[in-house]
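Structural description and commentary
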Amino acid sequence: MSIFDVLTMIGGLCLFLFGMDLMGQALERRAGGRLRTMLDKMTGRVMTGFLTGMAITAVIQSSSATTVMVVGFVNSGLMTLRQAINVIMGANVGTTVTAWLLSLAGISSGNVWIDLLKPTSFTPVLALVGIILYMSCKSGKRKDTGVILLGFATLMFGMDTMSGAVAGLKDVPAFAQLFIAFKNPVLGVLAGAVLTGIIQSSSASVGILQALAVTGQVSYAAAIPIIMGQNIGTCVTALLSSVGTNKNAKRAAVVHLMFNVIGVVVLLTVFCIVRAVFAPAILQAPATMYGIAVAHSCFNVICTALLLPCGGLLEKLAVRLVPDGPREPAEQPVELDERLLATPPLALQQCRAVAEEMAACASEALNRGLDAFSAYTPELAEGIRQDEKRCDRYEDALGTYLVRLSTQQMGAAESEEATELLKTIGDFERISDHAVNVLESAEELRTKGLAFSKAAQRELDVLASATREILTLALRAFREKDMDAAGQVEPLEQVIDDLKEQMRTRHILRLQQGQCSIETGFVWCDLLTDLERTSDHCSNIAGCVIDAARHDLNLHETLRSVRHSDGTYRQRLDACAEVYRLPPPEQA
């Protein structure tokens, strides 16, 4: 084997790893919403969690990536440790898909139709289709489909290049001696664990083993322990990702390690007994790509069958290995875990969940601020201020996280949703600020012993009711992506604008008639401004929801079109104006 063969092997390995990573990322983006659906199915039921983990891993072609996601879910409070165990076990079975895909490279037959199944026969066609989709399509989904095909073609081309480069090793005595040494099961397990730990992908290390198998020097007696070791080595990624997480997330990573170590210990013992007692001839036969895929699948399926019913015991063992401190306070889940950034669809789902909490917090704060005029208590005031501080923290955390998420490669739908969230969180934060302003208006009246006139109070009740309704509509539109609720916001916002102007005019008349004091007038004007601006922010939120549904990010154009598109706006405006009509001045 010459230096040129070594360079070719290194080049093939690099293409292989790059193609695997490229295809996995594109599959992740292409799956998009399906990953969210899979996540929603991660319930406490054993088989549901298992199948979910298997499906996600089959999609993104990496059990390490799935386990890192699981650690992030547990750290964020999205998933319990018990649910995580089921998903981790499913991931170990799902990762076997890659080995089966790579085993296609070992197809050899004189039949033309069978040879067409060999990757070297059809990957050039896939690469051609992929580059056409990638270069000619503007649609994000079609581009991602092109990247998937190009990634698969690159992966298989790298595999073929690597296999061709190492073929000469069959005539190198040292190489044969190396795999004779690996027939020692312990050395084989260590070799597989170290290789996989370095490249942090069991799928990739199995592919490398399959490439080496073409030399004919790798027997099943050497390959099987290496495959077992690869399952231990893949735990390195999850263990590294658990650094700095809460205890449950650390336990999830430990469960992943225990699952594979226990499985290796049990099956390696069985393997050694079978080899010593029965000495089956197949163990001395040269391993094939197909045979390695079978061995890899059998090992993972048997491990899962043995340990899936023991999930509760693994959970208890993990709690013992990573115990709580004697007087440690309960750990709070991290709301936005950085580990989820690598999976934009799932990171966005977590962002939306936090944004919905922020929205509810801001809405509740303003409603309680309005309550302060009739039912003020120090506890109520403190709660409103705490809600405002929470909204500030939410905005800082979400804004930073979404900006970082925007640097990741995302599909068009994910990019639009990230933009929508970035826009709306600012509006919710400002609503919470106005809630504090409304509270301060109520406190100023109490402190100075002032009160609105009965006429002013009746007018304020009308405006407060309209403000509560527009908040409810905006919150429903945001949470449920309810286009009907979003469409009702803009006419109600116009009614609130009109109410504000009417109430300011009436206040000036009351001042002239001596019914209101100047000091009360300052509070009145501040209050009207806060409620009117709250309705403006609700209008922005509803406009962003409509923008997202139309795949158009032009908010001002959206609001303009809502007002002028058809007669619906006028009808809703008239209906709202009828409901929120100020009492006649003479009755004031």
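Residues numbered from 1 in each chain as written. Predicted model: local features only at pLDDT ≥ 70, side-chain atom pairs only at ≥ 80, totals over all residues. Heavy atoms only, no water.

**Section: a nonpolar patch on the surface**
Among the surface-exposed residues, Val266, Val270, Ile273, Val274, Val277, Phe278, Ile302 and Leu306 lie close enough to one another that they form a single nonpolar patch of about 710 Å² accessible area. Those elements that place two or more of their residues in the nonpolar patch are helix H15 (247-277) and helix H16 (289-307). Considering every element that reaches the nonpolar patch, the biggest residue donor is H15, with five residues. Tracing the chain through its elements places Val277 in helix H15. Using a relative accessible area of 59% as the deciding quantity, one classes Val277 as exposed. (Patch = residues over 30% accessible without salt bridge, like charges linked within 9 Å, V, L, I, M, F, W, Y side chains within 5 Å. Areas by Shrake-Rupley, 256 points an atom, 1.4 Å probe, with all protein chains shown as cover. Salt bridge = Lys/Arg side-chain N within 4 Å of Asp/Glu carboxyl O. Helix = DSSP H or I, 4+ residues; strand = E, 2+ residues; numbered from the N terminus. Buried < 20%, exposed > 50% of the residue type's maximum accessible area, 1.4 Å probe, protein only.)

**Structural notes on empty space enclosed by the protein**
Counting across every chain of the model gives two cavities of 30 Å³ or more. For the largest cavity, the calculated volume is near 40 Å³. In terms of lining, the largest cavity is formed by Ser63, Asn92, Thr95, Ser202, Asn231, Thr234, Asn260, His296 and Asn300. Looking at side-chain class alone, the lining of the largest cavity contains no nonpolar, nine polar and no charged residues. (1 Å grid on protein atoms, 1.4 Å probe; cavity = no way out; pocket = protein on both sides within 12 Å on 5 of 7 lines; lining within 4 Å. Points joined across faces, edges and corners; volume = space filled by probe spheres on them. Nonpolar A, V, L, I, M, F, W, Y, C, P; charged D, E, K, R; others polar.)

**A word on the nonpolar core**
Residues Leu492 and Leu499 are the most contacted members of the largest nonpolar core, which totals 146 residues. A per-element tally of this core places helix H18 (residues 344-375) first, with 14 residues. Once residues within four sequence positions are removed from consideration, Leu499 is found in contact with Val462, Leu463, Ala466, Tyr580 and Leu582. (Core = buried A, V, L, I, M, F, W, Y, C linked by side-chain atoms within 4.5 Å. Contact = heavy atoms within 4.5 Å.)

**Quick notes on helix H13 (residues 220-233)**
Its 14 residues place the ends of H13 20 Å apart at the C-alpha level, agreeing with the 20 Å of an ideal helix rising 1.5 Å per residue. Within H13, 12 of the 14 residues are buried, leaving the element largely enclosed by the surrounding structure. Among the residues of H13, Tyr220, Ala221, Ala222, Ala223, Pro225, Ile226, Ile227, Met228, Gly229, Gln230, Asn231 and Gly233 are the ones counted as buried. (Expected span 1.5 Å × (residues − 1).)

**Section: the pattern of salt bridges**
Enumeration according to the criterion identifies 16 salt bridges in this entry. Its salt-bridge partner being Arg390, residue Asp387 comes within 3.9 Å of it at the nearest N-O pair. One end of the pair is Asp387 and the other is Arg390, both in helix H19 (residues 378-406) and three residues apart, which spans about a single turn. The exposure class assigned to Arg390 is partly exposed, which follows from its relative accessible area of 33%. Across the pair Glu459 and Arg510 runs a salt bridge, and its minimum N-O distance is 3.1 Å. With Glu459 in helix H21 (residues 454-480) and Arg510 in helix H22 (residues 483-513), this pair connects stretches of sequence that are 51 residues apart. Exposure class is identical for Glu459 and Arg510. Each is buried. Here the salt bridges do not stand alone but share partners, grouping Arg352, Glu417 and Glu420 into one network.

**Examining the layout of surface pockets**
Here the largest pocket defines a volume of roughly 610 Å³. Lining the largest pocket are 28 residues, and of these Asp21, Gln25, Glu28, Ser62 and Ala65 sit closest to its centre. Sorting the residues of the lining of the largest pocket by element identifies helix H1 (3-31), helix H4 (63-76) and helix H14 (235-241) as the ones contributing at least two each. The element best represented in the lining of the largest pocket is H1, accounting for seven residues. By residue class, the composition of the lining of the largest pocket is 12 nonpolar, 12 polar and four charged.

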